[in-house]
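# Commentary on secondary and tertiary structure
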Amino acid sequence: MEAVPPECVEALREAEKRLVNSYAPYSGVHVAAAVVDEEGRIHVGVNVENASLGLTICAERAAIAAMVAAGGRRPRCVAIVSDAPQPLPPCGACRQVIAEFAGPDTPIASRSAATGETRLWTLGELLPHAFTPRHISGSGGGEEAGLSRPRPPGGRGG
Ligand SMILES: [Zn+2]
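Below, the structure is looked at part by part. Remember, it's a predicted structure, so these values are computed and weren't measured experimentally.

The next point concerns the pairing of strand β4 (residues 107–112). By the criterion of burial, β4 is predominantly enclosed, with five of the six residues buried. Both strand β3 (residues 77–82) and β4 contribute to a ladder of five bridges, which runs parallel. Residue S82 lies in a different strand from β4, and its bridge partner there is S112. Handedness of the β-α-β unit built from β3, helix α3 (residues 92–99) and β4 comes out right-handed. Pairing geometry for β4 and strand β5 (residues 118–122), over five bridges, is antiparallel. Across the sheet, the residue bridging to R111 is T118, located in β5. A loop of five residues connects β4 with β5, the two strands running antiparallel in sequence, and G116 in this loop sits at a positive phi of about 85 degrees.

Next up, the structure:
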């Protein structure tokens, strides 16, 4: 196994602590994710399943939403911990949501709490040729779109 990047070590630990809060009565697969933002803060999410099944929210997207709500915009690492027997990669939807904020070199570390096995990818490996804010013309011109924040009152308009 490749060495887990230092920014991911604590995130894996935090995700594992929260695994107990995962709400997964239907699949029985409990997942927690932790995102390290540009200031080194860690934002955690767990999967939240729903009786409708289709409205289930993955841990990775919940963690990204928590990061954004806290003002973070640039993930340095996305860590995933589950009780599945192998390290789970993020699903396609989560890869796309991570790519809204993270670059192709962003490490994605995943651990099975059941076996202790850890896998490491980059976002670019999991989602090559990602569709990103850069591809939306008029969104502010690419990278800045990922940092979008409301204009302050009285601030300059665009
Ligand atoms: Zn997902």
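Bringing helix α2 (residues 59–69) into the picture now. Regarding α2, the residues found buried are A59, E60, R61, A62, A63, I64 and M67. Its buried side turned inward, α2 meets β1 (31–36), β2 (42–46), β3 and α3. G71, located one to two residues past α2, shows a positive phi value of around 95 degrees.

Pairing is mixed across the open sheet formed by five strands, whose spatial order is β2-β1-β3-β4-β5. The strands lining the two open edges of the sheet, one partner per strand, are β2 and β5. Neighbour-to-neighbour, the strand axes of this sheet turn through a mean angle of 15 degrees, independent of strand direction. Pairing of β1 with β3, which is carried by six bridges, proceeds in the antiparallel orientation.

Despite not being glycine, L53 has its phi angle at roughly 65 degrees, a positive value. Structurally, L53 can be placed in the loop between β2 and α2. For L53, a count of 9 C-beta atoms within 10 Å corresponds to the exposed category. Even without a glycine there, the phi angle at H129 is positive, about 55 degrees. Looking at where H129 falls in the secondary structure, it is placed in the segment after α4 (123–126).

It is worth spelling out the environment of A51 at this point. If you trace the backbone, A51 turns up in the loop between β2 and α2. Taking the number of C-beta atoms within 10 Å as the measure of exposure, A51 has 8 and is therefore exposed. In this structure the C-alpha to C-alpha distance between A51 and Y26, which are 25 residues apart in sequence, comes to 7.8 Å.

Within the largest apolar cluster, 35 residues are counted, with the highest numbers of intra-cluster contacts made by A15, A33 and A79. At six residues, the largest contribution of residues to this core is made by β1. With residues near it in sequence (within four places) discarded, A15 still touches A32, A33, A34, V44, A79, I80 and V81.

Mapped onto the elements of the fold, A33 is located in strand β1. Look at A33 and you get buried, because 34 C-beta atoms sit within 10 Å. Linking A33 and I80, residues 47 residues apart in sequence, is a C-alpha distance of 4.3 Å. Setting aside residues up to four positions removed in sequence, A33 forms contacts with A15, G45, A59, E60, A63, V78, A79 and I80.

When helix α1 (residues 6–18) is considered as a whole, its buried residues turn out to be C8, A11, L12, E14 and A15. Those residues of α1 hidden inside the fold are in contact with β1, β2, β3 and β4.

Parameters at a glance
- Residues numbered from 1 in each chain as written.
- Predicted model: local features only at pLDDT ≥ 70, side-chain atom pairs only at ≥ 80, totals over all residues.
- Buried ≥ 20, exposed ≤ 12 C-beta atoms within 10 Å, placed from the backbone.
- Helix = DSSP H or I, 4+ residues; strand = E, 2+ residues; numbered from the N terminus.
- Pairing = 2+ DSSP bridges.
- Right-handed = clockwise from strand over helix to strand, strands pointing away.
- Contact = placed C-beta atoms within 7 Å.
- Axes fitted to C-alpha atoms, helices over the stretch in contact; angles between N-to-C directions.
- Core = buried A, V, L, I, M, F, W, Y, C linked by C-beta atoms within 7 Å.

This is a description of form; function is not addressed.
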